[in-house]
Amino acid sequence: MNIDWRNIIKPYPSPIITGRGIDLDFPMLAGCLALLGLGLVMITSASSEVAAVQSGNTLYMMIRHLVYLVIGLGACIVTMMIPIATWQRLGWMMLIGAFGLLVMVILPGIGREVNGSMRWIGFGAFNVQPSEIAKVFVVIYLAGYLVRRQKEVRESWMGFFKPFIVLLPMAGLLLMEPDFGATVVMMGAAAVMLFLGGVGLIRFALMVVLAVVAVYLLVLAQPYRMARLITFTDPWSDQFGAGYQLTQALIAFGRGGWFGVGLGNSVQKQFYLPEAHTDFVFSVLAEELGVVGSLCTVALFVFVCVRAMYIGLWAEKAKQFFAAYVAYGLAFLWIGQFLINVGVNVGRLPTKGLTLPFLSYGGSSLVICCICLGLLLRIEWESRTHLGSEEMEFSESDFAEEPTHGR
């Protein structure tokens, strides 16, 4: 029996394996690569003083960040090679995996405590943050649910409430770490997905009211949350205590002015501003690049997030509803984290331990952002070529003609 090994080892068609070569949404890719490059530059600057003291090498954290970046880009490429239909089939397994990781991280001896929170699982020199993985897995699972139960979600209360049987226990596990910021982002993205999935306005309004009440009760439940809520309204009243982090961030914005003090010349990163290379990297960016640099960064984020929403819209027009809901969910994960992080940096929101997508130091966040990018590029390619279904047979003729992007 003759076996044609070429057909067996031939990779499944993807945006990077076609008869035309690489066939990607280059505006989206360029926007995200620009943010990744800017993030590498800002991490190098913001972490230099801390790295010099902790390791004796001013480039120590930059090198680690670069390693994470290489891993993330590799994961992005692998993600682009996986059909969206495969993610849809594995949605329930991902949900179980997310629960497993969130349970593991709060177990003594497995989870690592940093700054009073059990948010990381250690693997040698590296830490994995399960909440970053869980948020994406929830989006994938919920997208599958909205496709399977579309009529039920749109017409009945039961179809509306069923997802919360999964979401509320997961939110409870996140709060046990505690990770209030990740909980808000995950539930916010889920709410938007349900609304875009067809939940009626009355049910959606009820969900918003219940969410506001829940957030209020959660703030009252922990004294430190109430203290943060009070402090951010007037950080100068306790600028060397509870308001220290925010006042230092605001000083960084004030020092930056319109055009900044120059790349690498930040004063606040020299042990005045805690977490300068993670949660408050945007403050260092504002100090060094000024208002103009900050607004350009915001504009870049807006472009990437709006592009992600358009990718969802294009998939929906192509009647690839699972892919559309995934794109919407991922876009709102980015939007939520961006708004909260920048809001905290400028003093419009209470301090939360959320990284800035693509820019902040943190391996889990960076790798997950790259995986999300890979998913979005795959979704855009499948919706544009209509060749994303595993049930379709492919031949070289499918990839012979140049595409008409029109996007």
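Because the structure is a prediction, the values reported are computed rather than measured.

Moving on: helix H4 (residues 60-80). Here H4 is 21 residues long and its end C-alpha atoms lie 31 Å apart, about the 30 Å a rise of 1.5 Å per residue gives. Taken as a whole, H4 has its buried residues at Met61, Met62, Arg64, His65, Tyr68, Leu69, Gly72, Ala75, Cys76, Thr79 and Met80. The buried residues of H4 all sit within an arc of 150 degrees when viewed along its axis, so they share a single face.

Attention shifts here to the packing of aromatic side chains. Within this structure, the stated rule accounts for six aromatic pairs. Taking the centre distance of 6.5 Å and the plane angle of 70 degrees together, the rings of Tyr68 and Tyr361 count as edge-to-face. A residue pair is termed long-range when its members are at least 10 positions apart, and Tyr68 in helix H4 and Tyr361 in the loop between helix H15 (321-345) and helix H16 (363-385) qualify at 293 residues. A single burial state applies to Tyr68 and to Tyr361, both of which are buried. With a centroid separation of 6.0 Å and 50 degrees between ring planes, the pair formed by Phe253 and Phe282 is classed as tilted. Pair noted here: Phe253 is in helix H13 (residues 244-256) and Phe282 is in helix H14 (residues 281-317), with a separation of 29 residues, a long-range link. Owing to a relative accessible area of 2%, Phe282 belongs among the buried residues under this scheme.

For strand S2 (residues 117-123), the buried fraction is high: five of the seven residues fall into the buried class. As judged from the four bridges shared by strand S1 (residues 111-114) and S2, these two strands associate in the antiparallel manner. Along S2, the bridge assignment pairs Glu113 with Met118. The pairing of S2 with strand S3 (residues 126-128) spans three bridges and is antiparallel. Residue pairing for S3: Gly122 is matched across the bridge by Asn127.

Reading the values: rules and limits
Residues numbered from 1 in each chain as written. Predicted model: local features only at pLDDT ≥ 70, side-chain atom pairs only at ≥ 80, totals over all residues. Heavy atoms only, no water. Helix = DSSP H or I, 4+ residues; strand = E, 2+ residues; numbered from the N terminus. Expected span 1.5 Å × (residues − 1). Buried < 20%, exposed > 50% of the residue type's maximum accessible area, 1.4 Å probe, protein only. Arc of directions from axis to C-beta. Phe/Tyr/Trp six-rings, centres within 6.5 Å; stacked < 30°, edge-to-face > 60°. Pairing = 2+ DSSP bridges.

By themselves, these observations are geometric and do not establish any function.
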